[in-house]
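# Coordinates in review
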Amino acid sequence: MRCGFCLPACPTFKETGLEAESPRGRISLMKATVDGLMEPGIRFEDQMNHCLGCRACEPACPADVKYGQLIEQAREAIEMHTVHHRPWIKVVRKLMFKQVFPHQNRMKLLGKGLRLYQKTGLQAVVQKTGVVGLFSKDLANMERILPEASSNGIVEQLGTRVPAKGVKIATVGMFRGCLMDVLFTETNRKTVMLLSEAGFEVIIPPTQNCCGALHAHAGEMNQAKVQAKNNILAFQEANVDYIVSNAGGCGAILVEYDHLLHDEPDWHESATWFAKRVKDISTILIEKGRSLKFVEALSDDQPLNVTYQDSCHLKNVIKASNSPRTLLNGVGNVKFTEMKDAGSCCGSAGIYNVTQPAMANQILDHKMVNANATGAQYIVTSNPGCLLQMKSGIDKHGADKSVQAVHIVDFLYDRMVKN
Ligand code: SF4
Ligand code: SF4
C-alpha cells in the first residue's frame, strides 16, 4: 500500500512538503536500496537521519506498517556499512554508546563532573563570556537549560526498597534511567514517593542499566540487546508485578524488549515477561493505584492554566495519552487547556536536536507558537528530552517569566497531600 495516510502525521513532511521527508518516501528509499536500485550512500543516510523516529506515522497507517522497526533496521544497516563517519565521530560514538551510557557508575561520574562545573562558578564564567556560543548557538542554548546534575542517584538516596503507604496494592520495579538518575534525580525521587503514596511497594534493582533506546535509534542494536538482557535479569530477580518508567522514550523500548530480542529464542520467555509488565507512571497511577489527594484550592486562588506536550513514544508506542491528561485534570485548581498539535513531536527525539539542529529548531518554533496560544503557565511533559526541549523553546522565545516546563511527576508531587 502507498496510500499516504501517514503523510499529514509526519512532522518532517509537514515542515518540508517533500515526499522524501515522509514515511512513505523513506520506505520507498529503503526498498529501492534493498532492491539494488539505489546506492546506500550519503544521501540515503541523510534521509534516514532526518527522521525523528517519533512514530507518529504508525497509528495513522491503515495497513499497520511497523515503521519504527523499519527505520531501526535501516539505521543498523547504515552503521554496519557506513564509511562516512569522520574519525572523531566514531570515537565519540564508541565512547558514549559502549563505555559511558551502559555503566551507571560512569554516568554518576559524569554527573559529578557536571555538578562541579555548575557549583564551582565555572558555569557562571562560561555563560558570562558566551564562549560556547562562539562554537554553536544551539549548544549555548542547551548549556543554559542544563538541569542541576547529581552523582547521588535514587538508590543512594532511598535504598533499593521503599514500602507502600497503607495497604499494599502491588510491588513495582522502578526503572531509574541513565540520564534521569543524573540530571533528574529529584523527579526520580518524587516518582518513588508518588508510587508509595498510591499504594505500591517500590523496588529499585541496583544492577539495572540504560534502557538502550539511544543505542537502538542510532543503529547500535547489538549494544541495545546487551543492555536489555541485563535489565531483564535485574527485574526478574526483583520479582516485581509491574515495571514503571517515568520517561516516555525509555518506556517505549522497555515495552518492546520482546521484539528487540525476537531473534534470540532463549530470551523469548524472559523478554515477554518483562515487556508485559512495563507501565508508564501515569498509567499505573490511573489504572492500579489508589487516588492521590491534592491540596484544595483556596476560594480566591486563580486557577493554574496548564497544557500538556505529549511524549511521542508515550503516545504512539505505549498508547498512553489519556492518563497524563486525566491526572492533570484531577489536580485541584487546574484549568487544563489543550494545545494544538500537542501529539506532534517537539523536535527533541533523543539526540535529534543535537544531530539535526536546523530541523529540530524549525519544529520547536512551531510548537512554541501553539504552546503560547494556550496562555498556559505550565507546559507539562512526560519525558526528559521533551522537558529540556520545551525549556529550550521557552528560553529561546524569552517566555521564562510567564511559563515554565515541568515533568508531570514534579507537577503532581508538588501539589499532592503527603500522608
Ligand atoms: S517516525 Fe516521525 S519523522 Fe519519522 S517518518 Fe514517521 S512520522 Fe515522520
Ligand atoms: S506507511 Fe502506511 S499510511 Fe504510509 S503510505 Fe504506507 S500503507 Fe499508507
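As annotated in an unreviewed UniProt entry, the chain carries the name Glycolate oxidase iron-sulfur subunit and comes from Paenibacillus psychroresistens. According to its UniProt record, the chain has this under Function (unreviewed entry): "Component of a complex that catalyzes the oxidation of glycolate to glyoxylate."

### Observations concerning unusual backbone geometry
A positive phi angle, near 60°, is found at Lys319, a position not held by glycine. Its identity as a non-glycine residue notwithstanding, Ala349 has a phi of 45°, on the positive side. If you trace the backbone, Ala349 turns up in the loop between β7 (334-336) and α22 (352-355). Residue classification places Ala349 among the partly exposed residues on the basis of a relative accessible area of 26%.

### Here's the deal with the pairing of strand β9 (residues 404-407)
Judged from the four bridges that link them, strand β8 (residues 378-381) and β9 form a sheet pairing that is parallel. Counted as the bridge partner of Tyr378 is Gln404 from β9. Of the crossover connections in this fold, the one passing from β8 over helix α24 (residues 384-396) to the parallel β9 is right-handed.

### Concerning the sheet that holds strand β2 (residues 170-175)
Ordered by their spatial adjacency, five strands build an open sheet running β1-β3-β2-β4-β5, and the pairing between neighbours is mixed. Across the chains shown, the open sheet's two edge strands, defined by having one partner strand only, are β1 (161-162) and β5 (278-280). Strand direction decides the pairing type here: β2 and strand β4 (residues 242-245), joined by four bridges, are parallel. Bridging from a neighbouring strand, Met174 pairs with Val244 of β4. Contacts from helix α15 (residues 221-238) reach β2, β3 (200-203) and β4 within the one sheet, and its direction differs from that of β2 by about 155°.

Here is what the cut-offs are and how they apply
- Residues numbered from 1 in each chain as written.
- Chains lettered and ligands numbered in written order.
- Predicted model: local features only at pLDDT ≥ 70, side-chain atom pairs only at ≥ 80, totals over all residues.
- Heavy atoms only, no water.
- UniProt positions renumbered as here; feature names shortened; annotations may be inferred.
- Helix = DSSP H or I, 4+ residues; strand = E, 2+ residues; numbered from the N terminus.
- Buried < 20%, exposed > 50% of the residue type's maximum accessible area, 1.4 Å probe, protein only.
- Pairing = 2+ DSSP bridges.
- Right-handed = clockwise from strand over helix to strand, strands pointing away.
- Contact = heavy atoms within 4.5 Å.
- Axes fitted to C-alpha atoms, helices over the stretch in contact; angles between N-to-C directions.

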